[in-house]
Amino acid sequence: MKIDVHTLIGDDCITLDDGQKVHDQILPELKAGHPVELDFEGVGVFASPFFNAAFGQLLKDLPGDDLNRLITIDNLNPVGMSVLKRVIENSKKYYSDPKYRRIVNKVLDEQAANG
Amino acid sequence: MTLERRILAVPTINDDPPDFDRLFRLWSQVNDDFLEVEFNFTRCRFLQHNAVAFLGGIARLIEYRGGTAKFNWDTLQDNIQGNLIQNGFMGCFSESRGPWVGNSIPYQEYPTKSKENIINYLKVKWLGRGWVNVSQGLCNAIVGTVWEIYENAFEHGISPIGVFCCGQHYPQLHLLKLCVLDFGVGIPSSVRWFKKKETVSASVALRWAFRPGTTTKPNGMGRGMGLDLLKEFIKLNQGELEVYSHEGYALIREGQERYLDRSTFFEGTAVNFTFKCDESYYHLASEEHNDNLF
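Quick look at the structure, then. Keep in mind the model is a prediction, meaning the values are calculated, not measured.

**As for the environment of Glu242 of chain B**
Part 1: Tracing the backbone shows Glu242 of chain B in strand β7 (residues 240-253).
Part 2: In contact with Glu242 of chain B, not counting residues within four places along its chain, are Ala250, Leu251 and Asn272 of chain B.

Okay, here's the thing in structure tokens:
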């Protein structure tokens, strides 16, 4: 499957709803083991809610190795790539590390104790 | 239903912390149902962009609570009146003429999230006026970063009346300012609710909200990164970001990150940005693609 993201979403990939549109199209293909190619040519503005919905939540359903093998991303500008990498890094923590939230809690407690 | 009449004197308001205190004191005086409020500007010598956004917001808040808000335009100084016509504020609350194109970035209110309208505002009315010497790529990067604040305001703020914003260009200082605010539950309230910790101070909650990967959405997808990305962008590009929410205050700029508890309370969230108008100050991300994103 190949998706022209600009055709599907438009100039700006920034909202959760738009990210969900992409997610809903690619998840069944990925679950079936089919490769997915996403072309971001023509998209200018990126924000984390879009990537969270489109890609971040994929890790809930599929292992990272499968996603690396099946997903190809083309023509994503460097700013968009930077946001995407941060989103995925964050999502990996969220879905794979059961201790993550406990660590965040601990940090919060320490900050509160230190004023 | 008889409305309780109140006349509020609007003082001179810039965009330093004591000025936000003045705004929050105005808010505390209208934070009741069924009020008939008149705003009087006799003592006001200047209203900066943050005050314009805030006054519009509290007027809508009064209306939302079954009251009425009236601005006594006759008490405005000519320079302030000119500015309020230019930025469209008077047009929103009266049948005034305007707006026209000047150094003001229009007053806008968004009762609901409207991607197209907000992005158009940021791209065209804020950055696209020829006073910011930035490339299309940098314009897009700034717009995407600022969008994170709007997204947070709508997703986390739960503001019953939406989001309000206004900006100003300062040609002599080569600065561009924008204030975005909501009248929702505030960042500390979201963090306390999520953490089940009522004792967390507002400043600690703000600090937590700006950490990478934190989210107050219980069914999230590892969300909540917006503030962290915003912080990084501001620090890297010599901008300035101030956030006021409850008693909490965050100040973020190059080499400085401060979280304080202040004495004045505001239930919502006010974000005040300052950006440089020249691309030479900016460092854009240069991330290259690699095959192992996940």
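Here the narrative resumes.
**Some words on the packing of helix α7 (residues 187-195) of chain B against helix α8 (residues 202-209) of chain B**
Residue and element names in this part refer to chain B.
Part 1: Direction vectors running N to C along α7 and α8 enclose 80 degrees, while the axes themselves pass 9 Å from each other. By the angle class used here, α7 and α8 are roughly perpendicular. Where α7 approaches α8, its residues Ile187, Pro188, Val191 and Arg192 are matched on the opposing element by Ala202, Ala205, Leu206, Trp208 and Ala209.
Part 2: Residue composition of the contact of α7 with α8, by class: eight nonpolar, no polar and one charged.

**Overview of the sheet that holds strand β2 (residues 35-40) of chain B**
All names here are of chain B.
Part 1: Pairing in this open sheet of three strands is parallel, and the strands run β1-β2-β3 from one edge to the other. The sheet is open, and its two edges are formed by β1 (4-9) and β3 (68-71), each paired on a single side. Ignoring strand direction, the axes of neighbouring strands in this sheet form an average angle of 15 degrees.
Part 2: In the sheet, β1 pairs with β2 via six bridges, with the strands oriented parallel. Looking across to β2, one finds that Glu4 is bridged to Leu35.
Part 3: Along the sheet, helix α2 (residues 49-64) contacts β2 and β3; its crossing angle with β3, the most-contacted strand, is approximately 145 degrees.

About the criteria used
- Residues numbered from 1 in each chain as written.
- Chains lettered and ligands numbered in written order.
- Predicted model: local features only at pLDDT ≥ 70, side-chain atom pairs only at ≥ 80, totals over all residues.
- Helix = DSSP H or I, 4+ residues; strand = E, 2+ residues; numbered from the N terminus.
- Contact = placed C-beta atoms within 7 Å.
- Axes fitted to C-alpha atoms, helices over the stretch in contact; angles between N-to-C directions.
- Parallel < 35°, antiparallel > 145°, perpendicular 65-115°, else oblique.
- Nonpolar A, V, L, I, M, F, W, Y, C, P; charged D, E, K, R; others polar.
- Pairing = 2+ DSSP bridges.

Any link to function would need more than the numbers given here.
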